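Structural overview
Okay, here's what each chain looks like letter by letter:
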Amino acid sequence: MSPGTSTLEKRARQVLGVSPEAGAQAIKKAYRRLARQYHPDRNPNDKTVVEKFLLITEAYQYLLYHKLPGRNSRLAAGVTLENEDADKRYARWWMEHFGEFF
């Protein structure tokens with residue numbers, strides 16, 4: 001990735017599984033594949049699938065439409081598609097933002 005690439009862009013590309021050189025078509029293709037895989041209608045008994053679907057959608061909107069994440073952004077908090085304990089995820093986010101003070 002180029003030196004000017006933001007952390008959000010790196011995370012979004014990691015979530016979608018696309019390379020730094022991937023263009024709009026590759027991003028759309030990756031989004032569609034993951035959206036089908038993690039769509040809540042296809043996985044009605046899985047409680048974590050909604051969060052994953054929202055994360056994928058947020059990453060797609062950030063990369064393609066440059067839509068900045070909101071206040072409760074999963075992408076900005078560093079959520080990944082792998083199952084992770086919410087407490088560990090919060091601790092990682094906290095250290096990312098405030099760890100330099102300690």
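Overview of the structure.

**Looking at the nonpolar core**
The biggest cluster of nonpolar side chains holds 25 residues, and the ones touching the most others in it are V15, L16, I27, I56, L75 and L81. Of all the elements in the fold, those that place two or more residues in this core are α1 (7–16), α2 (24–38), α3 (49–65) and α4 (74–77). In this structure L75 touches L8, R11, A12, V15, L55, E58, A59 and Y62, once residues within four positions along its chain are discounted.

**Things to note about unusual backbone geometry**
Phi is positive for H66, close to 55 degrees, though the residue is something other than glycine. Note that H66 resides in the loop between α3 and α4.

**Focus: α2**
Three or four residues apart is the spacing at which side chains of an α-helix point the same way, because the helix has 3.6 residues per turn. The first and last C-alpha atoms of α2 sit 21 Å apart over 15 residues, in line with the 21 Å expected at 1.5 Å per residue. Of all the residues in α2, the buried ones are I27, A30, Y31, L34, A35 and Y38. The buried residues of α2 occupy an angular sector of 130 degrees when projected down its axis, which confines them to one face. Exposed residues on α2 whose side chains face more than 90 degrees from its buried face are Q25 and K29. For α2, the elements touching its buried residues are α1 and α3.

**Focus: the packing of α1 against α2**
As a packed pair, α1 and α2 sit with axes 9 Å apart at the nearest point and diverge in direction by 55 degrees. By the angle between their axes, α1 is oblique relative to α2. Two secondary-structure elements touch here, α1 through R13, V15 and L16 and α2 through I27, A30, Y31, R33 and L34. Looking at the contact of α1 with α2 residue by residue, the class counts come to six nonpolar, no polar and two charged.

**Section: the packing of α2 against α3**
Where α2 contacts α3, the two axes come as close as 10 Å, and the packing angle between them is 170 degrees. Taken together, the axes of α2 and α3 lie roughly antiparallel to each other. In contact with A24, I27, K28, Y31, L34, A35 and Y38 of α2, α3 contributes V49, K52, F53, I56, T57, Y60, L63 and L64. For the contact of α2 with α3, the per-class residue count stands at twelve nonpolar, one polar and two charged.

**Considering the environment of A59**
By secondary structure assignment, the location of A59 is in helix α3. Residues A59 and Y31, spaced 28 residues apart in sequence, show a C-alpha to C-alpha distance of 8.7 Å. Filtering out sequence-adjacent residues up to four positions away, A59 remains in contact with A12, V15, L16 and L75.

Criteria and cut-off values
- Residues numbered from 1 in each chain as written.
- Predicted model: local features only at pLDDT ≥ 70, side-chain atom pairs only at ≥ 80, totals over all residues.
- Heavy atoms only, no water.
- Core = buried A, V, L, I, M, F, W, Y, C linked by side-chain atoms within 4.5 Å.
- Buried < 20%, exposed > 50% of the residue type's maximum accessible area, 1.4 Å probe, protein only.
- Helix = DSSP H or I, 4+ residues; strand = E, 2+ residues; numbered from the N terminus.
- Contact = heavy atoms within 4.5 Å.
- Expected span 1.5 Å × (residues − 1).
- Arc of directions from axis to C-beta.
- Axes fitted to C-alpha atoms, helices over the stretch in contact; angles between N-to-C directions.
- Parallel < 35°, antiparallel > 145°, perpendicular 65-115°, else oblique.
- Nonpolar A, V, L, I, M, F, W, Y, C, P; charged D, E, K, R; others polar.

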